[in-house]
Amino acid sequence: MKKMMISTLVAAATLFAVANQAHAGATLDAVKKKGFIQCGISDGLPGFSYADASGKFTGLDVDVCRAVAAAVFGDASKVKYTTLTAKERFTALQSGEVDILSRNTTWTSSRDGNMDFVFAGVNYYDGIGFLTHNKAGLKSAKDLDGATVCLQSVTDTELNVADFFRANKMQYTPVTFDRADESAKALESGHCDTLATDQSGLYALRIKLSKPDDWVVLPEVISKEPLGPVVRRGGGDWFTIVKWSLYAMLNAEEMEITSQNVDELTANPKNPDMAYLLGKEGHYGEELKLSNDWAHNIIKQVGNYGESFERNVGQGSDLKIKRGLNALWNHGGIRYVNSCHSSGAPVTPVLFLRFSC
């Protein structure tokens with residue numbers, strides 16, 4: 001009887017392990033089979049995910065999905081986009097409508113614990129702020145007592161704004177909207193005194209207003225908002241690929257590998273870490289179930305993190321946001337990823353994550 005019980009437990013454990021392995025590879029297998037990545041993005045946020053007149057999407061969040069496509073298919077264009085509101089985004093990911101949610105989404109403890117999702121990293125460190133009209137003459141968010149505040153519904157902005165006003169013993173009236181553009185139009189038409197959202201979003205929405213220079217972002221940042229790509233929990237290989245695609249861009253910037261010099265450095269890498277990342281040594285690609293030139297393809301077609309930042313939201317863009325916290329650790333920021341070079345599987349990346357609840 002005892003032997004039979006042990007045999008049964010071993011068999012059950014084996015079946016469980018096989019089932020887990022099958023589940024872990026399901027998303028990657030499905031993506032490879034259909035030949036493209038379905039990427040969930042915001043419904044029109046300049047600098048992060050925005051369509052030009054020809055319908056081509058660009059932005060920092062878009063580049064995450066392009067990087068994963070370059071890693072998996074060797075072609076960054078193998079992406080189709082689904083625009084989602086804040087209310088729609090998690091349902092779309094859970095249902096399998098999208099493979100990745102790369103939509104200025106904050107990594108929070110409740111989303112980690114209560115939802116069947118996992119964050120694959122942080123592609124932008126942000127914080128909630130306030131946008132007001134110059135004529136109001138406000139110098140601080142603490143001058144907003146009694147204000148009507150435009151907000152997007154079903155976001156952690158609602159909770160953080162409530163906490164801020166309560167902590168400072170101020171009153172306010174929230175007015176919620178499903179879409180960011182709706183809240184911006186309400187602000188511009190005078191239905192609200194201020195608009196609250198991630199500061200990056202404020203800069204993006206301001207340039208869409210008829211007279212951007214008439215509006216000012218107040219100096220306070222009232223929360224920590226680490227924004228990053230999200231996948232379904234249990235994705236195994238898929239989660240790892242999404243994570244290391246982002247980290248490859250960060251490692252490339254630290255190693256000073258750019259879209260312009262990546263071919264030259266692949267041919268003549270300067271050190272073992274570079275050789276490993278670019279596929280000249282080791283089996284990094286095989287370990288991730290990718291070709292060994294996967295990181296080269298990302299850097300060549302999408303660029304390193306710094307290149308993506310500057311053209312989408314930095315000084316090469318209309319937003320002209322300073323790097324700030326998003327600079328590398330050795331340039332005054334908090335961006336830091338462990339080396340990809342190891343004797344075995346890729347090492348666990350160490351990031352300075354700032355969690356918001």
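You'll find the structure just up there.
We now turn to the structure provided with this report. (Residues numbered from 1 in each chain as written. Predicted model: local features only at pLDDT ≥ 70, side-chain atom pairs only at ≥ 80, totals over all residues. Heavy atoms only, no water.)

## Describing the packing of aromatic side chains
Okay, step 1: Applying the stated criterion to the full structure yields 15 aromatic pairs.
Okay, step 2: Here F48 and Y124 contribute two aromatic rings whose centre-to-centre distance is 5.3 Å and whose plane-to-plane angle is 85°, an arrangement assigned as edge-to-face. With F48 in the loop between β1 (37-42) and β2 (50-51) and Y124 in strand β7 (residues 124-126), this residue pair connects regions lying 76 residues apart in the sequence. Accessibility classification places F48 together with Y124 in one group, the buried group.
Okay, step 3: With a centroid separation of 5.7 Å and 90° between ring planes, the pair formed by F164 and F165 is classed as edge-to-face. Accessibility assignment for this pair places F164 and F165 in one class, buried.
Okay, step 4: What links up through ring pairs into an aromatic cluster is the set W244, Y247, Y276, Y284 and W294.
Okay, step 5: Over the ring of F309 we find R323, and its NZ or CZ is 5.0 Å from the ring centre.
Okay, step 6: Stacked on the ring of Y305, the Lys or Arg R335 has its end atom at 4.8 Å from the ring centre. (Phe/Tyr/Trp six-rings, centres within 6.5 Å; stacked < 30°, edge-to-face > 60°. Helix = DSSP H or I, 4+ residues; strand = E, 2+ residues; numbered from the N terminus. Buried < 20%, exposed > 50% of the residue type's maximum accessible area, 1.4 Å probe, protein only. Lys NZ or Arg CZ within 6 Å of the ring centre and 35° of its normal.)

## Description of helix α2 (residues 26-34)
Okay, step 1: T27, L28 and V31 are the residues of α2 that are buried. Down the axis of α2, the smallest arc covering the buried residues is 100°, so these residues share one side. Exposed residues on α2 whose side chains face more than 90 degrees from its buried face are D29 and K33.
Okay, step 2: Of the surrounding elements, those touching the buried residues of α2 are β1, α3 (60-73), β14 (230-232) and α9 (237-254).
Okay, step 3: At the C-terminal side of α2, G35 shows a positive phi close to 85°. (Arc of directions from axis to C-beta. Contact = heavy atoms within 4.5 Å.)

## Observations concerning the pattern of salt bridges
Okay, step 1: In the structure shown here, the tally under the stated rule is 11 salt bridges.
Okay, step 2: Of the charged contacts, one joins D63 and R311 as a salt bridge, the two residues approaching to 2.9 Å between their closest N and O atoms. Residue D63 is located in helix α3, and its partner R311 is located in helix α14 (residues 305-312); the two are separated by 248 residues in the primary sequence.
Okay, step 3: For D63, a relative accessible area of 2% corresponds to the buried category.
Okay, step 4: Take R311: its relative accessible area is 39%, and that puts it in the partly exposed class.
Okay, step 5: Salt bridges here are not isolated pairs; linked through shared partners, they connect D43, R103 and R179. (Salt bridge = Lys/Arg side-chain N within 4 Å of Asp/Glu carboxyl O.)

## A short note on the nonpolar core
Okay, step 1: Formed by 71 residues in total, the largest nonpolar core has its most connected members in Y124, W238, I257 and W294.
Okay, step 2: For this core, the leading source of residues is α9, giving 10 residues.
Okay, step 3: Counting residues in hydrophobic clusters, the runner-up holds 14 residues, among them F130, V149, M170 and L218. (Core = buried A, V, L, I, M, F, W, Y, C linked by side-chain atoms within 4.5 Å.)

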